[in-house]
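So you can see what is in the structure, the chains are spelled out below.
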Amino acid sequence: MIKMKRALIVIILFMYLGLINLYAQFKVDAQFRPRFELRDGYQKLAPQGSSPAAFISQRSRVSISYETQNFKLKFTPQDVRIWGDEANYNIGANNGDDASLDLFEAYAEIKLGEIGWISVGRQQFFYDNEWLLGARNWNQNGNANDAVLFKLKTFGWNLHLGTTWNAEKEASFDNFYPTDRYKSLSYLWLNKAIKENWNLSLVQIATGLTQTDTTNKLNFRQTTGFYTDYKKNNLSLSANAYLQYGKNQTSKPVNAILFALDASYQAGNLTPGLGISYHSGNKNAGASLIEDNLFDLIFTARHKYFGFIDYFRTISSHTKQGGLIDYYLYLDYKFSKSVSIRNIGHYFQLAQTNPNTPADKNLGYENDLILKYKFSDWGTLESGYMFFLPTSTLETIQGVPDSKFSQFFYLQLTLTPNLFKEASVQ
């Protein structure tokens, strides 16, 4: 009788393991994100006499995914458009519009035994708090990469190895590529929960750029550093620190740093916080540049960190190689589980002056006010109002010597419903 019970248990166990291996899930998710914007100084100071610009953009995505115990597949077609950008049909049947439909994601993941997965295809890179590798989700097009990515787990560490090799088209010879885009990006990311409330990540990134768009030579900039966060009771702390070395695009040696600190404390529904980020810059420029001290932000989520009015999207040109310091204070308040508001104030300075910048490092103050209403688990309505009070230094850098009051307003609806989901045993 005992032997029969043991045999029955073994049979049930094998049946259970077999069912796990044969389990499959197919689902279809959607994202619909229209956004109204009223720009009167967004991305650049508004000159005197200018009029506000108003428009609506729209992101539409459908994600189709299939997953088994050993295999995952995902496709995400995407359409991004401005309302009204389609020319009306005419008798010549020519509308002259560029296609707005493309493929945001298309990748497969295959399990590598018990050690992890390999992911191949077009996919997103976003890690930690997105200081170096971020999704950059404010942009309606988003950010994805054609890459091979190994996702492994060993000795309690999460280990990711990713690499890309980019080309504009098929070619019989030469590796020409635009100089404003990475020809190659490879990285190693190590992450571990040191304790229950302490998380640590280490990263090494190599970014390769062609020296010119008609030469094959690649120069690699190396980035090494860490991210850590610590949470205890109502206190939250985070820190990023990175060193860049190697060579810049023109073969000059690189010696640049970035560090960022953030601290917040939750007191009931109220969460105040403060922080600083420092991106080193160059005190020499042009032909006099011997060593490049300007930190390259790679895929940093710039809109998330440098103010929603987006004056510092490309640090090299938007600070004239000076780098950037951001001192900020914020205040979050939750009216309920579904309604929250945040106000964040930034004060920006150049990290370094050089012959291309004024002598005064101060750039000005930005204030961002964001209201969110999450009316369901698949729907959010968000609104924001921003303004910037510039110094003469920023006016000079942007070439707007007599700017008017610069402001920006948006209203965004985000819907992320699941359209279909089916789990089966094959």
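Look above for the structure.
A quick note: this is a predicted structure, and the numbers were derived from the prediction, not measured.

So, how was this worked out
- Counting from 1, residues in each chain are numbered in the order their sequence is written.
- Only residues with pLDDT of at least 70 get local features here, since the model is predicted, and only at 80 or more are side-chain atom pairs given and counted; chain-wide, interface and lining totals rely on the full set of residues.
- For the side-chain quantities, the full set of heavy atoms in the structure was used; hydrogens and water were omitted.
- By definition, any uninterrupted DSSP run of H or I lasting at least four residues is a helix, any uninterrupted run of E lasting at least two residues is a strand, and each is numbered from the N terminus.
- Here's how the labels work: a residue is buried when its accessible area is under 20% of the maximum for its type, exposed when over 50%, partly exposed in between, all with a 1.4 Å probe on protein chains only.
- Excluding any residue in a salt bridge, patches collect residues exceeding 30% relative accessible area, merging like charges within 9 Å and nonpolar Val, Leu, Ile, Met, Phe, Trp and Tyr side chains within 5 Å.
- With residues, only the protein chains shown are counted as cover, and all accessible areas are computed by Shrake-Rupley using a 1.4 Å probe.
- Salt bridges are defined as contacts in which a side-chain nitrogen from Lys or Arg sits within 4 Å of a carboxyl oxygen from Asp or Glu.
- Among buried residues, the Ala, Val, Leu, Ile, Met, Phe, Trp, Tyr and Cys ones that are joined through side-chain atoms within 4.5 Å form a nonpolar core.
- The criterion used for residue contact is that any of the two residues' heavy atoms lie within 4.5 Å.
- At least two DSSP bridges between two strands are required for those strands to pair.

1. Quick word on unusual backbone geometry
Now for step 1: Positive phi outside glycine occurs at D310, with the angle close to 60°.
Now for step 2: Tracing the backbone shows D310 in the loop between α2 (302–305) and α3 (315–318).

2. Looking at the environment of K195
Now for step 1: One can find K195 in strand β8 (residues 184–195).
Now for step 2: You can call K195 exposed: its relative accessible area is 55%.
Now for step 3: When the C-alpha atoms of K195 and R221 are compared, they prove to be 33 Å apart, with 26 residues separating the residues in sequence.

3. Things to note about a nonpolar patch on the surface
Now for step 1: A surface patch of nonpolar side chains, about 570 Å² in accessible area, is lined by F26, V62, I64, F75, L103, L419 and F420.
Now for step 2: The set of elements that each furnish at least two residues to the nonpolar patch consists of β2 (53–68) and β19 (418–425).
Now for step 3: For I64, the position within the fold is in strand β2.
Now for step 4: On the accessibility criterion, I64 (32% relative accessible area) is partly exposed.

4. Looking at the nonpolar core
The nonpolar side chains of soluble globular proteins are, as a tendency, buried together.
Now for step 1: Grouped together as the largest cluster of nonpolar side chains are 47 residues, with contacts concentrated most on Y187 and F312.
Now for step 2: Apart from the residues lying within four places of it in its own chain, the contact partners of Y187 are F125, Y127, L133, L149, H160, L161, G162, Q204 and I205.

5. Describing the pairing of strand β11 (residues 235–246)
Now for step 1: Where strand β10 (residues 218–232) and β11 come together, twelve bridges link them in antiparallel fashion. Opposite Y227, over in β11, you have N240 as the bridge partner.
Now for step 2: What sits between β10 and β11 in their antiparallel hairpin is a turn of two residues, with N233 showing a positive phi close to 55°.
Now for step 3: Of the pairings in the sheet, the one linking β11 to strand β12 (residues 256–265) comprises ten bridges and is antiparallel in character.

6. Details of the pattern of salt bridges
Now for step 1: Evaluated as defined, the whole model comprises twelve salt bridges.
Now for step 2: One salt bridge in this structure joins R342 and D332, with 2.6 Å as the shortest N-O distance. Linking R342 in strand β15 (residues 339–349) with D332 in strand β14 (residues 324–334), this pair joins segments that are ten residues apart in sequence.
Now for step 3: Taking relative accessible area as the criterion, R342 reaches 31% and is therefore assigned partly exposed.
Now for step 4: Among the residues examined, D332 registers a relative accessible area of 19% and is labelled buried.
Now for step 5: Three or more residues are tied together by salt bridges with common partners; here these are R35, E37 and R39.

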